[in-house]
Amino acid sequence: MTAIPAEPDQEERLQAAFDATIARRDRIEPRDWMPDAYRSTLVRQIAQHAHSEIIGMQPEGDWISRAPSLRRKAILLAKVQDEAGHGLYLYAACETLGVSRAELTDLLLAGRQKYSSIFNYPTLSYADVGTIGWLVDGAAICNQVPLCRTSYGPYGRAMIRICKEESFHQRQGYELLMTMMRGTDEQRAMVQESVDRFWWPVLMMFGPPDAQSPNSERSMAWGIKRNSNDELRQKFVDMTVPQAKALGVTLPDPDLRWNAERGAHDFGEPDWAEFAAVIRGEGPCNAQRVAHRRAAHEEGAWVREAATAFARRSAGEGGR
Amino acid sequence: MSADRREWPLYEVFVRGKRGLNHVHVGSLHAPDDAMALRHARDVYTRRNEGVSIWVVRADAIAASSPDEKDPLFAPSGDKVYRHPTFYDIPDDVPHM
Amino acid sequence: MSDDHGSIFDGLLGGDSSQWAFGTDFEDPLAGVDTTTPDGVDPAELAAYCLMLGDDALIMSQRLSEWCSRAPDLEEDIALANVALDLLGQARLLLARAAAADPGVVPALPAGSPVPPEDALAFFREDRDFRNVRLAEVANGDFGHVVVRLLLFSVARLALLERLRTSRDHVLAAVAAKGVKEVAYHRDWAGRWFLTLARGTEESRRRLLAALDALFPLWAELVTAHPVERSLASAGVGVDPAFLREEVDAVLDQVLAASGVERPARPPLAGAGERTGRDGAHTEALSLLLAEMQVVARAHPSGRW
């Protein structure tokens, strides 16, 4: 390392060391120097991801009480429990950047941080549990697998653990739909209706088209993001088409067809006006999801306080 | 103490996967005290029976070296409790998915 | 491009389910277990007994799972789900055992229905055929309520399962051997939270005492012998809960004493014509709980899930 006397130069030197770490695709760790914008971008992205896991417990969790077999009830409860765990890992990764879980929860409840728009759509039948596993978790996996190699160490390590569990989530969803497709006509219709309802919102999960995605370029340069929105969306469509065929459902897009020239599927454009509305808070369930989370948080306050008081008292009695 | 006084303090969790191995850092959690932290660790990190032995330690009790000791400008905030080590387990079989 | 993802569907319907806490391929929960009714035991009584223990677990699990996404913190959300999953696993085995002992208890379904007997029992029985104690079924309250309910429930169930490990019925013995470890943890969790809330803040103590006052009258049913329990106990298959009373009282008194809480001076909740939950005489809460739990299954009696 070259000795550099003055303050501003030291800042430059730190920036250079940071840039070099990114350039050789090495990881940034919590105690490393990092640009403020890198830190704030990470906090925003990891928090949004954590909130998505926690809010995402609701649409499926709503069906635990109504799961139609004991086996499905156990699988669904274990899955939704996993999501609580994923949220917990991600909040912890965010805490390495100096923001507490309580602060992040406040930001979520105040509407100042977002979560995935998909969870602002309702779940209306048990087939939705399968569709969420297959398509929503499938899309999430497309987004998340590259994040295992993200430049921020704690985030990448959380993602490795999460991806490992997510692949089983996708499996259980697909397996549920396959089983239902072997059932009655009513069940097959239920599956198709569910896929019809979720297909477009799932495509929106990858975010706006690259041309309209303001933060993407910098995030990619920093190695926080590894692929563009459109790349991931294309990848998801190409991966899903044969799965839909094997399942025996149609995807509700008249423009969906194989393009031999591109070696990829062409597909229609999601309704970006609807996407924008849901992001603005006008989705079918935005208010409901946040209210549910707020109620749990506020109704739990006296419990958290009691445990803190008890711990303090025990420590005072010579516990710690 | 935690950055936020309404919040239970942060704990780091170490699990011995099986006899003969070291305890390895697996992640973090919040708990009001040591006893509850152990219970939480069992619930959160050994749901699939991964561990036979669990250690928990409050994150603010961990002393840490800076990553590059020659670095004169290592930020003072580096000593803040929230800059704790986390998720140090990288499984051998990183899933290709 | 799809190489990254193609493999996740490999072996989709195969047998490897070790990643699931409770497995996804348990098509026959009693596979490989000797389900012969032990000598000298009335199969109908054995089935009734398995329904009592199974329904207790099922209905408790249903109430606990309602907490999912509503707990005071993520750590407790995960803990409550673990308890619910443990009890759900016990319920599944016990209901399957009931059906194997006496197929007459299983509700009739349309010809060719793929619904397995344990699911038929859970999702197609009427409330009056459920044999759980009423403690398990009353509606959820606050966090103090779930702590008290789980403490009262698991103190009695642990004592019972410890003895049931030597049952002459292989299935009951196996369920008990696994269940003892699980329920010991449930009791520990509930006991620790009971103490915490009792000695936490004024508010937490007030809420805890209110929950205890409301639930305590329902507790006696768990430690009062039903004729079926007495009969199976004498055959070396079941456990007479009346014999557990002293031990269970001692454990509960220990928790109460450590918490500085008096045992409520409230008499047991009366039955209807001396019939209680064990006989199918329930509170209004069970019918509502079942309406929700059974709605999807009942809409598709020939459905595959």
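We now turn to the structure provided with this report. (Residues numbered from 1 in each chain as written. Chains lettered and ligands numbered in written order. Predicted model: local features only at pLDDT ≥ 70, side-chain atom pairs only at ≥ 80, totals over all residues. Heavy atoms only, no water.)

**Some points on helix H5 (residues 101-109) of chain A**
Here is the rule we go by: Between buried and exposed lies partly exposed: a residue is buried under 20% and exposed over 50% of the maximum accessible area for its type, with that area taken using a 1.4 Å probe on protein chains only. Labels follow the DSSP assignment, with helices taken as runs of H or I lasting at least four residues and strands as runs of E lasting at least two, numbered in each case from the N terminus. We call two residues in contact whenever any of their non-hydrogen atoms come within 4.5 Å of each other.
Of all nine residues making up H5(A), seven are buried, and the element is well covered by its neighbours. Here H5(A) has its buried residues at Arg101(A), Ala102(A), Leu104(A), Thr105(A), Leu107(A), Leu108(A) and Leu109(A). Buried-residue contacts for H5(A) involve helix H2 (36-55), helix H4 (70-95) and helix H12 (286-299) of chain A, strand E2 (23-30) of chain B together with helix H3 (74-101) of chain C. Gly111(A) sits one or two residues past H5(A) and shows a positive phi near 75°.

**What to know about the environment of Tyr49(C)**
Residue and element names in this part refer to chain C. Put simply, the rule is: Counting of polar contacts relies on pairs of N or O atoms within 3.5 Å, with two restrictions inside protein: one atom must be capable of donating a hydrogen and the other of accepting it, and residues adjacent in sequence are counted only when both atoms are side-chain atoms.
In this structure, Tyr 49 sits in helix H2 (residues 43-65). As a C-alpha pair, Tyr 49 and Gly 179 span 130 residues in sequence and 16 Å in three-dimensional space. With near-sequence residues (within four places) excluded, Tyr 49 lies in contact with Leu 160, Leu 164, Leu 172, Val 228, Glu 229, Leu 232, Gly 238 and Val 239. Within the structure, Tyr 49 has its side chain in polar contact with the backbone nitrogen of Val 239 (distance 3.0 Å).

**What to know about the interface of chain C and chain A**
The figure often quoted for interface size is the accessible area lost as the parts come together. We apply this condition: Simply put, the buried area is the total loss of 1.4 Å probe accessible area from both parts when two parts are fitted together. In the scheme used here, Gly and all other residues not listed as nonpolar or charged are polar, with Ala, Val, Leu, Ile, Met, Phe, Trp, Tyr, Cys and Pro taken as nonpolar and Asp, Glu, Lys and Arg as charged.
Contact with chain C, which involves 64 residues of that partner, is made by 66 residues of chain A. Both sides of the chain C and chain A interface together cover about 5,700 Å² of buried area, and 72% of this is carbon and sulfur. Inspection of the region where chain C meets chain A yields 15 residue pairs in polar contact (both at pLDDT 80 or more). The set of elements that each furnish at least two residues to the side of chain C that touches chain A consists of helix H1 (3-6), H2, H3, helix H4 (117-123), helix H6 (143-164), helix H7 (170-198), helix H8 (202-215) and helix H11 (284-299) of chain C. Per-class residue counts for the side of chain C that touches chain A are 29 nonpolar, 17 polar and 18 charged.

**Thoughts on the packing of H5(A) against H12(A)**
Residues and elements named next belong to chain A. Note the cut-off: Lines fitted to the C-alpha atoms define the axes, with helices restricted to the stretch that makes contact. Angles between their N-to-C directions range from 0 to 180 degrees. Comment on the angle field: the value is read as roughly parallel under 35 degrees, roughly antiparallel over 145, roughly perpendicular from 65 to 115, and oblique elsewhere. In a left-handed crossing the near helix is turned counterclockwise from the far helix by less than a right angle, and in a right-handed crossing that turn is clockwise.
Interhelical geometry of H5 versus H12 gives an angle of 140° and a closest axis separation of 10 Å. Classified by the angle their axes make, H5 and H12 are oblique. Our pair here, H5 against H12, has a crossing hand that is left-handed. Taken together, the residues of H12 that come into contact with H5 (itself represented by Thr 105, Asp 106, Leu 108 and Leu 109) are Val 290, Arg 293, Arg 294 and His 297. Residues that form the contact of H5 with H12 fall into these classes: three nonpolar, two polar and three charged.

**Things to note about the sheet that holds E2(B)**
Residue and element names in this part refer to chain B. The following threshold applies: In this scheme, strands are said to pair when DSSP sees at least two bridges between them.
If you trace the three strands from one edge of the open sheet to the other, you get E2-E1-E3, paired in antiparallel fashion. Of all strands in the sheet, those with a lone pairing partner are E2 and strand E3 (53-58), marking the two edges. Each strand of the sheet is rotated relative to its neighbour by a mean of 25°, with strand direction disregarded. Direction of pairing for strand E1 (residues 10-16) relative to E2: antiparallel, over a ladder of seven bridges. Bridged to Val 13 within E2 is Gly 27.

**Quick look at unusual backbone geometry**
It is generally the case that most residues other than glycine have a negative phi and that most peptide bonds are trans. All names here are of chain C. Of note, the phi angle at Ser 69 is positive, near 75°, even though the residue is not glycine. Along the chain, the position of Ser 69 falls in the loop between H2 and H3. The exposure class assigned to Ser 69 is buried, which follows from its relative accessible area of 10%. Phi is positive for Glu 274, which is not a glycine, with a value near 65°. Tracing the sequence through the fold places Glu 274 in the loop between helix H10 (245-259) and H11. Looking at Glu 274, the relative accessible area reads 77%, which means it is exposed.

**As for the nonpolar core**
Nonpolar side chains tend to gather and get buried jointly when the protein is soluble and globular. As a reminder, the rule being used: By nonpolar core is meant a set of buried Ala, Val, Leu, Ile, Met, Phe, Trp, Tyr and Cys residues that side-chain atoms within 4.5 Å join together.
Membership of the largest hydrophobic core comes to 199 residues, with the highest contact counts inside it found for Tyr38(A), Phe236(A), Tyr49(C), Leu58(C), Phe143(C), Trp193(C) and Phe194(C). Among the nonpolar cores identified, the runner-up in size contains five residues, and Tyr121(A), Met204(A), Phe275(A) and Val278(A) belong to it.

Functional significance is not addressed by these values, which are geometric in nature.
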